Amino acid sequence: MIRILEFAAIAPFFVQVFKPKPRVHDASEHDGMVVDGVLEHLRELRSIAGEGEVCHPCTAILHPPADGEEGPASVQVTIDGVRVGRLCHRDATRYVQRHGTAKRSCRAAILGGGHDTWDLGIWLDMQV
């Protein structure tokens, strides 16, 4: 009986020691994508997400340029049919290399507006 109690006492230690380590986030992996030009579209974002501090889940559509339009790195982002920005140059270049001129949709969220600011940002759940 004492051996069973001893094992029960040290079992949690072994579970912790041999438990798989959680994956450490590496910033170079770049989760999500960066949307530029959001400040130019704050009124549109506010009309979609509302006033105050927001965390508004939505769907974004990425519109790469057709051949010959605006350069290879101009990928526009729309939410609810409203243009709200464009991918940063690095992400747009990767997007065009991977997906060509195909439109894609992804989960997104409009975030921010806390602490008496009007500023908002867009998070896109798509890796390139």
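Preceding this paragraph is the structure being described.
Here's a quick rundown of the structure. (Residues numbered from 1 in each chain as written. Predicted model: local features only at pLDDT ≥ 70, side-chain atom pairs only at ≥ 80, totals over all residues. Heavy atoms only, no water.)

Remarks on the sheet that holds strand 1 (residues 35-36)
Overall, antiparallel pairing links the six strands, which are arranged 1-4-3-2-5-6 in an open sheet. Of all the strands in the sheet, the pair left with one neighbour each is strand 1 and strand 6 (120-124). Relative to strand 4 (residues 82-87), strand 1 runs antiparallel, the two sharing two bridges. Residue pairing across strands places Val35 opposite Leu87, the latter belonging to strand 4. (Pairing = 2+ DSSP bridges. Helix = DSSP H or I, 4+ residues; strand = E, 2+ residues; numbered from the N terminus.)

Overview of the nonpolar core
Grouped together as the largest cluster of nonpolar side chains are 25 residues, with contacts concentrated most on Leu45, Leu62, Ile79, Leu87, Ile110, Ile122 and Leu124. Every element with two or more residues in this core is listed here: helix 2 (42-49), strand 2 (54-63), strand 3 (76-79), strand 4, helix 3 (89-99), strand 5 (104-112) and strand 6. (Core = buried A, V, L, I, M, F, W, Y, C linked by side-chain atoms within 4.5 Å. Buried < 20%, exposed > 50% of the residue type's maximum accessible area, 1.4 Å probe, protein only.)

Notes on the environment of Val82
By secondary structure assignment, the location of Val82 is in strand 4. Overall, the relative accessible area of 25% leaves Val82 in the partly exposed class. Put simply, Val82 and Ile61 are 21 residues apart on the chain and 9.8 Å apart in space, counted from C-alpha to C-alpha. Those residues in contact with Val82 that sit more than four places away from it in its chain are Glu44, Ile48 and Val77. (Contact = heavy atoms within 4.5 Å.)

Side note on the side chain of Ser74
The residue Ser74 is located in the loop between strand 2 and strand 3 in this model. Among the polar contacts listed, one links the side chain of Ser74 to the side chain of Gln76, at a separation of 3.1 Å. (Polar contact = N/O pair within 3.5 Å; in protein donor to acceptor, adjacent residues only side chain to side chain.)

Some thoughts on the state of the cysteines
If you walk through the whole model with that rule in mind, you get zero disulfides. Of the cysteine sulfurs around Cys55, a residue in no disulfide, the closest is that of Cys58, at 9.6 Å. A residue is classified by how much of its surface remains accessible, and Cys55, at 59% relative accessible area, is exposed. Not part of a disulfide, Cys106 finds its nearest cysteine sulfur in Cys58, a span of 8.8 Å. Relative accessible area serves as the criterion here: at 7%, Cys106 is assigned to the buried category. (Disulfide = S-S within 2.5 Å.)

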